[in-house]
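Structure assessment
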Amino acid sequence: GNSVTQMEGPVTLSEEAFLTINCTYTATGYPSLFWYVQYPGEGLQLLLKATKADDKGSNKGFEATYRKETTSFHLEKGSVQVSDSAVYFCALSATGNQFYFGTGTSLTVIP
Amino acid sequence: DTGVSQNPRHKITKRGQNVTFRCDPISEHNRLYWYRQTLGQGPEFLTYFQNEAQLEKSRLLSDRFSAERPKGSFSTLEIQRTEQGDSAMYLCASSYPANEKLFFGSGTQLSVL
């Protein structure tokens, strides 16, 4: 079946620290992979995506590389800001019809 | 583009009552999804529509749940004979089919007492 496993949080970092949030997946076929972000009081919004192996998605300083050999899609940012405090969800879509989400990782960045 | 709109934002009901939620997607999006999210979990797929056709429904979805999208625009999700286990955030999302980018509403928080 299809599923996503995310590292558990919460994660607390100081401003300008390096961020990694781990995500691994199980899927049939060749899924597309996504990171969604939910800021406090807002709906989920797409942060970045990758549609095939070795693709790198990037947005707002965040990056994630689709690694088929390790079935991973880890989210990274070189220098986090207070405004990055949010909940981050890894997700996959194997058919384009159904999306499978991880449990979410809460990030708090302190000044 | 006003985004995906969901109403009501909050709903408190007694066990056994029926509730209905509404979702207005982004106007040019022909795909509409319903998800359920409980505390500490990611969104769980319930069902999706392409235009007015309901193309897929989660196997885990109870028969007490029904969704419609009568004219391919807004959608309603009804839960009959609510149970305490139905308490959750109900999320609606819409997209273009070829895009795979979901646009989410802010959700309807259901509390069943």
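In this report, we go over the structure that sits alongside the text.

Quick look at the interface of chain A and chain B now. Often, the extent of an interface is quoted as the loss of accessible area upon association of its parts. At the junction of the two partners, chain A supplies 18 residues and chain B supplies 19 residues. Between chain A and chain B, a total of about 1600 Å² is buried, with carbon and sulfur atoms accounting for 49% of that surface. Summed over the shared surface of chain A and chain B, the number is zero salt bridges. At the boundary of chain A with chain B, the tally comes to four residue pairs in polar contact (both at pLDDT 80 or more). Within the residue set of the side of chain A that touches chain B, elements represented by two or more residues are β5 (32-38), β6 (45-50), β10 (86-93) and β11 (99-101) of chain A. Residues that form the side of chain A that touches chain B fall into these classes: seven nonpolar, ten polar and one charged.

Now for the sheet that holds strand β8 (residues 62-65) of chain A. Residue and element names in this part refer to chain A. A sheet is described by the order of its strands in space; here four strands give the open sequence β3-β9-β8-β7, paired in antiparallel fashion. What marks the edges here is a single partner per strand, and that holds for β3 (19-21) and β7 (56-59). When strand polarity is set aside, the average angle formed by the axes of neighbouring strands in this sheet is 15 degrees. Both β8 and strand β9 (residues 75-77) contribute to a ladder of three bridges, which runs antiparallel. Each bridged residue has a counterpart across the sheet, and for E63 the counterpart in β9 is E76.

What follows deals with the sheet that holds strand β7 (residues 65-68) of chain B. Adjacent strands of a sheet pair through backbone hydrogen bonds, lying either parallel or antiparallel. Residue and element names in this part refer to chain B. Taken together, four strands build an open sheet; the order of strands is β1-β3-β8-β7 and the sheet is antiparallel. The open sheet terminates on both sides in strands that have one partner only, identified here as β1 (5-7) and β7. Strand-to-strand twist in this sheet, taken as the mean axis angle between neighbours without regard to direction, amounts to 15 degrees. Direction of pairing for β7 relative to strand β8 (residues 75-79): antiparallel, over a ladder of four bridges. Within β8, the position partnered with S66 by the bridge is E78.

How each quantity is defined
Residues numbered from 1 in each chain as written. Chains lettered and ligands numbered in written order. Predicted model: local features only at pLDDT ≥ 70, side-chain atom pairs only at ≥ 80, totals over all residues. Heavy atoms only, no water. Contact = heavy atoms within 4.5 Å. Buried area = accessible area lost by both parts, 1.4 Å probe. Salt bridge = Lys/Arg side-chain N within 4 Å of Asp/Glu carboxyl O. Polar contact = N/O pair within 3.5 Å; in protein donor to acceptor, adjacent residues only side chain to side chain. Helix = DSSP H or I, 4+ residues; strand = E, 2+ residues; numbered from the N terminus. Nonpolar A, V, L, I, M, F, W, Y, C, P; charged D, E, K, R; others polar. Pairing = 2+ DSSP bridges. Axes fitted to C-alpha atoms, helices over the stretch in contact; angles between N-to-C directions.

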